Amino acid sequence: MKPSLPSAFSAAPKAWAALRLAALGAAWGLCSWLLLLAGLGSFGVLGPDEPRYAAIAQGMLRRHDLITPKLWGTPWLEKPVLYYWLAGASEALTHLTDAAARRPNALLAVLMSATLTAFLWRVHSRRAGLLAAFMSVSSVFWLSFGRAATTDMTLTAPLALSLMALYAWWQSHRPRWLAVAAVLLALATLAKGPVAVVLAGLILLGFAATQGQWRRAWTSLRPLPIALFVIVAAPWYVAVSLRNPGFLRAFFWQQNLERFATNRYEHPQAFWFYVPVLLLAVFPWTGWLGLPLAAAVRRVRGRGWRRAWQGEDAPLKLFLGCWGLAPLIFFSLSRSKLPSYILPAIPAVVALMAVCAAERWPRLPRWPLAISALLTALVPAALRLTPWLVAARGLRPPLTPLLSLAGVWVPAAVTAAVLLWLVWRRRPAVVVTVMVAVMAATAWALTRPPLSTAVDAGLSGRPLARALQAQCGASLPGGCQGVPLYAWNLKRDLLYGTQFYLGGELATWPRQDAAPAAAYIVLDRAQVPVFVARYGGAYALAQISRLQPLHNGGTLVPWIVIRAVPLVPR
């Protein structure tokens, strides 16, 4: 039977709404793939941490050892085991070193974005969930740590999911959510240790204080959640302690307490260090940070300090506020500070910005949109300058001529003009769409030549390792065609990356009185004059031309290989 005219008309809006949601879901999926999953192996592992963590995961996989992390055969007890398990499983399934090492965190970042979307959709509004979906995957910290082979996203994702489950328990009084939160918190503890429990406890206690329900917070310590936490987290800690008697001191005392209370690891920063870090972390949505701040000021002015925390909409904002502030305050008190430490705060900050924007969406202020529009306009310019930015300082061409190129400032000017015009016309949905599109296109461009080649040549040890493998053969990493191979004053980022691809440690050039009869030495180009001044009187030094590949249109790589032969035969 055909539907009546009224029912047919009523079905049309529902079908249109479903189609629109499907399109938004597909758009989010495409953006997530471009920003987090595409081209994970387009350039080699970067920095000092990625190659070490990836090498540890590979080593555990090859030794079939799920207990003791080892770096080149030596126990490495700085971090727990969850990342190594995930990366090892990824490599076992795909056999791709770079991409396999990064894929677990990329998938966790996508999962965290999807869960945050569903969470806000349920507890606040559809618009808040959708805004969080696109803002999260396109914010700098989310996508950068989601594409990195480190333990930071492996901590943040299960911790964020645990906190969302904890809020669901607080609101619904259903014990199952508390059990879910306990299991997820145990996984976060397996990722980076007791800091996960400390942060979750601070957030829960802070939120309970704002609600005047201290006793409710203590009721979370029920036998079942505690038992589940212990069952998931404790076995590995017990096993690794039994195999490695020094684990408790190395991990809990040195890597946690001393890292927090002392400057042993030489990362001192001012107390306010995380303020500019936070502004960068949510780039290009930095201007939107003003929305929750302005909302809090309006609430206090309109209701007074005591009544400002009341109302049906207050608990969610207070919970997100406590979640965002706890890592910022906690790590600001630490003597050792690194930007990555506040990554656990970013999901809450993004969620709070999305909630406040959703509530004011019909008359969203222009100023936060304008600030973020101008910041987004910087992205095309930075993309054009990528080869300069990633090159070693001594190998960079002059910057002034580059800044005068139309290819640098014209895309930035056009992007700024388009976005500011949309802001003026009050088209926030289109502004968000363009901003996300710019970030997605940028991420895609960085994973494609020539930019990926420039990043590889300037920041990764992969080109050096490939050149050595091509010229030296199977004798690596200890020698090259029968001649000993050494590293001298090589930057640790480059050294660790090269060792990861070679599958072993490069020997360090010994003292002058113990130097070998002949050797190949790998060193930074900037260190060549220093090496020549120190050893040129005792050795004949020659550049090995076949080990000096050119990249990115002839730009020299930041390393050099020389052969040293004693002037006096030994």
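Up top is the structure these notes are about.
Residues numbered from 1 in each chain as written. Predicted model: local features only at pLDDT ≥ 70, side-chain atom pairs only at ≥ 80, totals over all residues. Heavy atoms only, no water.

Considering the overall build of the protein
When helices and strands are counted, the protein shows 25 helices and ten strands. By the compact-globule yardstick of 25 Å for 570 residues, the protein fits well, its C-alpha radius of gyration being 27 Å. Along the three orthogonal principal directions, the C-alpha set of the protein runs to about 95 × 60 × 60 Å. Out of the 570 residues in the protein, the part that is buried amounts to 51%. Sequence-distant contacts, at least 24 apart, represent 75% of the contacts inside the protein between residues at least 6 apart. Per element, the accessible surface of the protein, about 26,400 Å² overall, is 67% carbon and sulfur. Counting 53 positive and 17 negative side-chain charges, the protein places the centres of these two groups 12 Å from one another. (Helix = DSSP H or I, 4+ residues; strand = E, 2+ residues; numbered from the N terminus. Rg over C-alpha atoms; globule rule 2.2 N^0.38 Å. Buried < 20%, exposed > 50% of the residue type's maximum accessible area, 1.4 Å probe, protein only. Contact = heavy atoms within 4.5 Å. Areas by Shrake-Rupley, 256 points an atom, 1.4 Å probe, with all protein chains shown as cover. Lys, Arg positive; Asp, Glu negative; His and termini not counted. Charge placed at Lys NZ, Arg CZ, Asp CG, Glu CD.)

Here we look at the state of the cysteines
The full count for this structure, using the stated rule, is one disulfide. Two residues, C472 and C480, share a disulfide whose sulfurs are 2.0 Å apart. With the S-S bond torsion at -80 degrees, the cross-link from C472 to C480 turns out left-handed. (Disulfide = S-S within 2.5 Å.)

Some remarks on the packing of aromatic side chains
Counted according to the given criterion, the structure contains 28 aromatic pairs. Ring geometry for Y167 against F207: centres 6.1 Å apart, planes inclined by 55 degrees, an arrangement best described as tilted. Of this pair, Y167 sits in helix α7 (residues 152–172) while F207 sits in helix α9 (residues 195–211), and the two are 40 residues apart along the sequence. The pair Y167 / F207 is uniform in exposure class, with both members buried. Judged by centre distance (4.8 Å) and plane angle (40 degrees), the rings of F531 and Y535 are tilted. Taken together, the residues span about one helical turn, with F531 and Y535 both in helix α25 (residues 528–535) at a distance of four residues. (Phe/Tyr/Trp six-rings, centres within 6.5 Å; stacked < 30°, edge-to-face > 60°.)

Description of the packing of helix α17 (residues 366–384) against helix α21 (residues 428–446)
Interhelical geometry of α17 versus α21 gives an angle of 20 degrees and a closest axis separation of 10 Å. Relative to α21, the element α17 lies roughly parallel. For the pair α17 and α21, the sense of crossing is left-handed. Packed against α17, whose contacting residues are L369, S372, T376, V379, P380 and L383, the element α21 presents P428, V431, M435, V438, M439, T442, A445 and L446 at the interface. (Axes fitted to C-alpha atoms, helices over the stretch in contact; angles between N-to-C directions. Parallel < 35°, antiparallel > 145°, perpendicular 65-115°, else oblique. Left-handed = near helix turned anticlockwise from the far one by under 90°.)

Observations regarding the pattern of salt bridges
If you walk through the whole model with that rule in mind, you get eight salt bridges. Residue D65 pairs with R243 through a salt bridge whose shortest N-O separation is 3.0 Å. Of the two residues, D65 is situated in the loop between α2 (49–63) and β1 (70–71) and R243 in helix α11 (residues 223–243); the sequence distance between them amounts to 178 residues. (Salt bridge = Lys/Arg side-chain N within 4 Å of Asp/Glu carboxyl O.)

A few points about the packing of helix α20 (residues 406–424) against α21
Close contact between α20 and α21 brings their axes to 9 Å; oriented N to C, the two are set at 155 degrees. Between α20 and α21, the interaxial angle falls into the category roughly antiparallel. Across from T415, L419, L422 and V423 in α20, the residues of α21 making contact are V430, V431, V434, M435 and V438.

Considerations on the pairing of strand β6 (residues 519–524)
β6 sits mainly inside the fold: six of its six residues count as buried. Relative to β6, strand β4 (residues 483–488) is paired through four bridges, and the arrangement is parallel. Within β6, the position partnered with L485 by the bridge is Y520. One ladder, built from six bridges, connects β6 with strand β10 (residues 559–566); its direction is antiparallel. In the strand pairing of β10, L523 is matched with I560. (Pairing = 2+ DSSP bridges.)

Considerations on helix α24 (residues 492–502)
Burial of α24 is extensive: eight of the eleven residues sit out of reach of the surface. Those residues of α24 lying buried are L494, L495, G497, T498, Q499, F500, Y501 and L502.

A look at a nonpolar patch on the surface
A cluster of nonpolar residues, W214, W218, L221, I226 and V230, forms a patch on the protein surface that exposes about 550 Å² of accessible area. Contributions of two or more residues to the nonpolar patch are made by α10 (214–218) and α11. In this fold, L221 is placed in the loop between α10 and α11. With relative accessibility at 54%, the residue L221 sits in the exposed group. (Patch = residues over 30% accessible without salt bridge, like charges linked within 9 Å, V, L, I, M, F, W, Y side chains within 5 Å.)

Some remarks on unusual backbone geometry
In this structure, P284 follows F283 across a cis peptide bond, with omega equal to 5 degrees. Position of P284 relative to the elements: it lies in the loop between α13 (274–281) and α14 (290–307). Phi at W72 is positive, roughly 55 degrees, even though this residue is not glycine. By secondary structure assignment, the location of W72 is in the loop between β1 and β2 (74–75). Backbone geometry places Q481, a non-glycine residue, at a positive phi of 55 degrees. One can find Q481 in the loop between β3 (479–480) and β4. We classify Q481 as exposed; its relative accessible area is 51%.

Details of the pairing of β10
In terms of burial, β10 is largely enclosed, as six of its eight residues are buried. Two strands pair when backbone bridges link them, and strand β7 (residues 539–543) and β10 are joined in this way by five bridges, in the antiparallel orientation. Residue Q543 lies in a different strand from β10, and its bridge partner there is I562.

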